[in-house]
Amino acid sequence: MCMLTKHAPIYRLAINGGMYFLSRPRRFGKSLMVSTLKELFEGNRVLFKNLWIEDKWDWSLCVRQNMSREVLLSMMKDWYNGFSWDGIHSNRGVRWR
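Predicted model only: the values in this text are computed from it and were never measured.

### Notes on unusual backbone geometry
Residues other than glycine seldom take positive phi values, yet Asn-50 does so here, at roughly 65°. Checked against the element boundaries, Asn-50 lands in the loop between α2 (30-41) and α3 (69-82).

### Observations concerning the packing of aromatic side chains
Within the structure shown, the criterion is met by 5 aromatic pairs. Ring centres 6.3 Å apart and planes at 70° place the aromatic pair Tyr-11 and Trp-57 in the edge-to-face group. Of this pair, Tyr-11 sits in helix α1 (residues 7-16) while Trp-57 sits in the loop between α2 and α3, and the two are 46 residues apart along the sequence. Taking relative accessible area as the criterion, Trp-57 reaches 7% and is therefore assigned buried. Plain terms: the ring middles of Phe-48 and Trp-59 are 5.8 Å apart, the flat faces sit at 40° to each other, and that makes the pair tilted. With Phe-48 in the loop between α2 and α3 and Trp-59 in the loop between α2 and α3, this pair connects stretches of sequence that are 11 residues apart. Of the two residues, Phe-48 and Trp-59, neither departs from the other in class, the shared state being buried. Three or more aromatic residues joined by ring pairs form one cluster here, namely Tyr-11, Phe-41, Phe-48, Trp-52, Trp-57 and Trp-59.

### A look at the nonpolar core
Grouped together as the largest cluster of nonpolar side chains are 9 residues: Ile-10, Tyr-11, Met-33, Leu-37, Leu-40, Phe-48, Ile-53, Trp-57 and Trp-59. Looking at this core, the elements that each hand over two or more residues are α1 and α2. Counting residues per element, this core draws most heavily on α2, which supplies 3 residues.

### As for α1
Taken together, the buried positions of α1 are occupied by His-7, Ile-10 and Tyr-11. Along the long axis of α1, the arc covered by the buried residues comes to 100°, so they all point the same way. For α1, the elements touching its buried residues are α2. Gly-17 occupies a position one or two residues after α1 and carries a positive phi of about 70°.

Conventions and cut-offs
Residues numbered from 1 in each chain as written. Predicted model: local features only at pLDDT ≥ 70, side-chain atom pairs only at ≥ 80, totals over all residues. Heavy atoms only, no water. Helix = DSSP H or I, 4+ residues; strand = E, 2+ residues; numbered from the N terminus. Phe/Tyr/Trp six-rings, centres within 6.5 Å; stacked < 30°, edge-to-face > 60°. Buried < 20%, exposed > 50% of the residue type's maximum accessible area, 1.4 Å probe, protein only. Core = buried A, V, L, I, M, F, W, Y, C linked by side-chain atoms within 4.5 Å. Arc of directions from axis to C-beta. Contact = heavy atoms within 4.5 Å.

Put into structure tokens, the structure is as follows:
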């Protein structure tokens, strides 16, 4: 039996940093890829035993990000209020729900 994993591209995404927009057709594994990243960053090494990435990943790394609606709105407000709108258009108020 042969198992194909995409850990090498996932590893490159994670170590290169930056922001990525994951755009693929339906049923092409976007959720699986994000779940794989989640398990890597949470340090669940047992899930990757005997796989390519097991000996390459820094298992001491643990990152947790709260992406709830309230947190995202707060981040957007902070960005909007801290942005310099001079010369772009008149400063209009934004209604945040």
